[in-house]
Amino acid sequence: MAAVTFIHTSDFQLGMTRWFLNPAAQSRFDDDREAAVLRLGELATETGAEFIVVAGDVFEHNALSKSTLLRAKDMFKRLPVPVYLLPGNHDPLVADSIFFNSFADNVHVIADSEPIEVRLGVEIVGAPYLSKRANYDLVRRALEPLQPLEKGAVRIAVGHGQVESRAGVGEDSDADTIDLAFVEECLDKGVIDYLALGDTHSTESLGRSGKVWFSGSPETTAFDDRERDSGNALVVTVEGDQVDVVKHRVGRWDFRAIDADVDSLEEVEAFLAELETVPEKIRTAVKYSLRGTVGLSAQARLEQGLAEKEEVFASLKPRERTMDLHLAPSEEELSELSLSGYAADALAELLEDLDNPTARDAANLLFRLSAKGA
């Protein structure tokens, strides 16, 4: 009986840029994404995995810079086990495909759906994207011609895309949506033993069998209001009818979406304190959305605290679309200002237009310059 352990991963999207990262942070992000891939090799050595399957979107697109391509080639060459790359919708196997470049001997491109023998009794069958969009279920097309395996043999299927149970059924479903019910039938009949999926960047088990998984990207790529559990790789062991899937953390980055109600100086301090607890700020991007009404002192403290932390986070930016923070100075705050004449008139005019960000910033500046003891 063949038993096999392998690593399931996907969605490296090498060459990806994040618009909210400054050049220094983007450089760290690029380096760490490559380091996460190399950690897959270390994981293979630690767990005895025989090979790595990458379930699509290895590259961000087919028009990579020379530097990104050469670094990728060197990185794959350094992996200690064979690696099987599936073209996905980001890097389909079209005329100008990146996969037509020569890679090291340990790198195998899954260019069609013919079964690939990894070793005696173990094979891989893939469903590569041959164009940017498909008008049919690629996984079903790959599995339909296959017969149940001989007893003791292992067949790993590799696909990329969404499944019906996640994407929904009906007129809005894409033509290339994967039929999960059909996949489960293939598992029940012994046509395949496991389906390794890519596309969703979060780790997730699908269906009833425990044998269909999204691995997620090995490094975080989006904020946690969209990407719930990324930065992982799956170590999969198939032995007979049993499939054991173990999640391992390989990524270092954290993208956080923070929503907070802020109606006082104390709540401003609580929000800033939450930011302070983040352990590795240089590898953390934060988008924040604040709701509430604060006085001039609280607003000034918020701006001061954010300005200080912007220098240490990889990215710290407001989510403008959902920001709903208003400025309403108290009578006590206004009485403490040493303003008269034109300056007093200007502040009064600004306070009548605090929904305007420019007016709010100007009122804050006047407050900081004019408050007693400043």
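Residues numbered from 1 in each chain as written. Predicted model: local features only at pLDDT ≥ 70, side-chain atom pairs only at ≥ 80, totals over all residues. Heavy atoms only, no water.

- The name recorded for the chain in an unreviewed UniProt entry is Nuclease SbcCD subunit D, from Corynebacterium aurimucosum.

## Focus on the nonpolar core
1) Next: By size, the foremost hydrophobic cluster in this structure holds 29 residues, and its most contacted members are Ile 7, Phe 59 and Phe 76.
2) Next: Only helix 1 (23-47), strand 2 (52-54), helix 2 (66-77), strand 3 (83-85) and strand 11 (232-239) provide two or more residues apiece to this core. (Core = buried A, V, L, I, M, F, W, Y, C linked by side-chain atoms within 4.5 Å. Buried < 20%, exposed > 50% of the residue type's maximum accessible area, 1.4 Å probe, protein only. Helix = DSSP H or I, 4+ residues; strand = E, 2+ residues; numbered from the N terminus.)

## Structural notes on unusual backbone geometry
Outside of glycine, negative phi angles account for most residues, and trans bonds account for most peptide bonds.
1) Next: Located in the positive-phi region is Gln 13, a residue other than glycine, with phi close to 45°.
2) Next: Locating Gln 13 in the fold gives a position in the loop between strand 1 (3-9) and helix 1.
3) Next: Phi is positive for Asp 57, which is not a glycine, with a value near 55°.
4) Next: Examined against the element boundaries, Asp 57 turns out to sit in the loop between strand 2 and helix 2.
5) Next: For Asp 57, a relative accessible area of 1% puts it in the buried group.

## Concerning helix 5 (residues 180-189)
1) Next: Leu 180, Phe 182, Val 183, Glu 184, Cys 186 and Leu 187 are the residues of helix 5 that are buried.
2) Next: One side-chain oxygen of the residue at the start of helix 5 lies 3.2 Å from the amide nitrogen of Ala 181, identifying that residue as Asp 179.
3) Next: Positioned one or two residues after helix 5, Gly 190 has a phi angle of 80°, which is positive. (Polar contact = N/O pair within 3.5 Å; in protein donor to acceptor, adjacent residues only side chain to side chain.)

## Some remarks on the sheet that holds strand 10 (residues 212-214)
Backbone-to-backbone hydrogen bonds pair the strands of a sheet. The strands run either parallel or antiparallel.
1) Next: Overall, mixed pairing links the 6 strands, which are arranged 5-6-7-8-10-9 in an open sheet. Looking along the sheet, the strands with just one partner apiece sit at the ends: strand 5 (116-119) and strand 9 (204-206). Taken over all neighbouring pairs, the strand axes of this sheet differ in orientation by 25° on average, direction set aside.
2) Next: Across the face of the sheet, helix 5 comes into contact with strand 8 (194-198), strand 9 and strand 10 while running at roughly 130° to strand 10. (Pairing = 2+ DSSP bridges. Axes fitted to C-alpha atoms, helices over the stretch in contact; angles between N-to-C directions. Contact = heavy atoms within 4.5 Å.)

## A few points about the packing of helix 1 against helix 2
1) Next: In contact at an axis separation of 9 Å, helix 1 and helix 2 are set at 25° when each is read in the N-to-C sense. If you check the angle between helix 1 and helix 2, you find them roughly parallel. The two elements helix 1 and helix 2 meet at a crossing, and its hand is right-handed. Residues Asp 31, Glu 34, Val 37 and Leu 38 of helix 1 form the contact with helix 2, whose participating residues are Arg 71, Met 75 and Phe 76.
2) Next: Broken down by class, the residue content of the contact of helix 1 with helix 2 amounts to 4 nonpolar, no polar and 3 charged. (Parallel < 35°, antiparallel > 145°, perpendicular 65-115°, else oblique. Left-handed = near helix turned anticlockwise from the far one by under 90°. Nonpolar A, V, L, I, M, F, W, Y, C, P; charged D, E, K, R; others polar.)

## Remarks on the sheet that holds strand 12 (residues 242-249)
1) Next: With mixed pairing, 6 strands are arranged side by side in an open sheet as 4-3-2-1-11-12. Of all the strands in the sheet, just strand 4 (107-109) and strand 12 have a single pairing partner and so form its edges. Adjacent strand axes in the sheet meet at a mean angle of 25°, parallel and antiparallel pairs treated alike.
2) Next: Inspection of the sheet shows strand 2 paired to strand 3 by 3 bridges, in the parallel sense. Along strand 3, the bridge assignment pairs Ile 52 with Val 83.

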